[in-house]
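Summary of the model geometry
Chain by chain, the residues:
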Amino acid sequence: MNHRGHALRVPRAKALTIARWIIRSFPQAGWAATGGHAFDLRTAELSGLEA
């Protein structure tokens, strides 16, 4: 979202680059494990974390 609350379009190539950066920055997160974590680029939310 921009400063006015409008959704921004992220090109697929840029979204993949961001996703790869997150995966490489947090290798201890267990991305490939069953029930692992997921990062939603649209909402910028990381799910699957233990409380």
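The structure this text deals with has already been given above.
Residues numbered from 1 in each chain as written. Predicted model: local features only at pLDDT ≥ 70, side-chain atom pairs only at ≥ 80, totals over all residues. Heavy atoms only, no water.

Of regular secondary structure, the chain possesses 1 helix and 2 strands. Counting helices and strands in the order they occur from the N terminus, the chain gives α-β-β. Entry remark: accessible area of the chain is about 4,700 Å², with carbon and sulfur atoms responsible for 57%. (Helix = DSSP H or I, 4+ residues; strand = E, 2+ residues; numbered from the N terminus. Areas by Shrake-Rupley, 256 points an atom, 1.4 Å probe, with all protein chains shown as cover.)

A few words on the environment of Ser47. Mapped onto the fold, Ser47 is located in strand β2 (residues 45-47). Since its relative accessible area comes to 40%, Ser47 is described here as partly exposed. With 10 residues separating them along the chain, Ser47 and His37 place their C-alpha atoms 5.5 Å apart. (Buried < 20%, exposed > 50% of the residue type's maximum accessible area, 1.4 Å probe, protein only.)

Its location among the elements puts Ala15 in helix α1 (residues 12-25). Looking at Ala15, the relative accessible area reads 15%, which means it is buried. Separated by 27 residues in sequence, Ala15 and Arg42 place their C-alpha atoms 9.4 Å apart. For Ala15, the contacting residues outside a window of four places in its chain are Val10 and Leu41. (Contact = heavy atoms within 4.5 Å.)

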